[in-house]
Amino acid sequence: MTTARRSDATRAAILEAARERFASDGYERATIRAIARDAGIDPSMVMRYYGNKEGLFAAASEIELSLPEMGGLPRRHVGAVLVTHFLDRWERDDVLTGLLRVGVTNAAGAERMQAVFAQQLGPVALGVCPDPADAPRRAALVASQILGMALARYVLRLPPAVEMSREDVVAWLAPTVQRYLTAETP
């Protein structure tokens with residue numbers, strides 16, 4: 001194996017271990033030493049590649065939401081498509097849940113979550129809302145619904161939220177998300 005391939009494999013192992021550790025322990029309790037142990041490497045390697053815990057967290061929390069293209073979609077389906085997409089992501093992506101956990105307890109995590117949603121959800125809102133100047137506010141309102149349900153269902157695990165079927169979650173949230181994105185400003 002070449003040095004470059006070993007380096008890539010080491011970085012990947014570190015990031016995987018960091019994502020799992022941040023998700024399970026949160027930012028404050030996760031340590032470089034524990035992440036290195038999980039990755040099967042010396043802690044100095046984590047520092048070599050990422051500098052410090054903040055740098056490691058920034059790299060581990062790089063998330064592509066892979067939001068669906070809304071351009072060819074009938075406007076009346078935007079809310080349902082987004083809610084369904086986010087349910088899919090939350091249910092198969094522990095990194096996103098970990099980032100939410102960290103985001104509610106740590107300033108760096110909150111900043112990372114803000115950036116992810118501003119950079120990725122903002123353009124969706126801009127593309128479908130009636131007034132482009134209002135897109136950031138609408139994206140924030142959508143995030144409040146999506147993140148609120150994710151917090152209730154996947155982090156706090158509130159029984160009524162967990163027990164709801166996916167169809168029920170979509171039926172309840174989609175009209176609100178739809179209104180936030182496409183209705184005329186009140």
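What you are looking at is a predicted structure, and each value in this text was computed from that prediction instead of being measured. (Residues numbered from 1 in each chain as written. Predicted model: local features only at pLDDT ≥ 70, side-chain atom pairs only at ≥ 80, totals over all residues. Heavy atoms only, no water.)

### Digging into the packing of helix 5 (residues 78-92) against helix 10 (residues 166-182)
Helix-helix packing: each pair is described by the crossing angle between the helix axes and the interaxial distance. It is the contact of helix 5 with helix 10, at a shortest axis distance of 7 Å, that shows an interaxial angle of 130°. The angle between helix 5 and helix 10 falls in the class oblique. Crossing of helix 5 against helix 10: the hand is right-handed. In this structure, helix 5 uses Val78, Gly79, Ala80, Leu82, Val83, Thr84, Leu87, Asp88 and Glu91 to contact helix 10, whose residues at the interface are Arg166, Val169, Val170, Leu173, Ala174, Val177, Gln178 and Leu181. In terms of residue class, the contact of helix 5 with helix 10 is built from 11 nonpolar, 3 polar and 3 charged. (Axes fitted to C-alpha atoms, helices over the stretch in contact; angles between N-to-C directions. Helix = DSSP H or I, 4+ residues; strand = E, 2+ residues; numbered from the N terminus. Parallel < 35°, antiparallel > 145°, perpendicular 65-115°, else oblique. Left-handed = near helix turned anticlockwise from the far one by under 90°. Contact = heavy atoms within 4.5 Å. Nonpolar A, V, L, I, M, F, W, Y, C, P; charged D, E, K, R; others polar.)

### A closer look at the confidence of the model for the chain
On average, residues of the chain score 89 in pLDDT, and 98% of them are at 70 or above. At the low end of the mean pLDDT range in the chain sits helix 6 (residues 94-103), at 80; at the high end sits helix 9 (residues 159-163), at 97. (pLDDT = per-residue confidence, 0-100.)

### Considering the pattern of salt bridges
As enumerated under the stated definition, the model contains 9 salt bridges in all. Between aspartate 88 and arginine 166 there is a salt bridge, and its shortest N-O distance comes to 2.5 Å. On the criterion of sequence distance, the pair formed by aspartate 88 in helix 5 and arginine 166 in helix 10 is long-range, its members being 78 residues apart. The salt bridge involving arginine 166 is made with glutamate 91; its shortest N-O contact spans 2.8 Å. Separated by 75 residues along the polypeptide, arginine 166 in helix 10 and glutamate 91 in helix 5 bring together distant segments of the chain. Under the relative-accessibility criterion, arginine 166 is labelled partly exposed at 26%. A relative accessible area of 38% means that glutamate 91 is categorised as partly exposed. (Salt bridge = Lys/Arg side-chain N within 4 Å of Asp/Glu carboxyl O. Buried < 20%, exposed > 50% of the residue type's maximum accessible area, 1.4 Å probe, protein only.)

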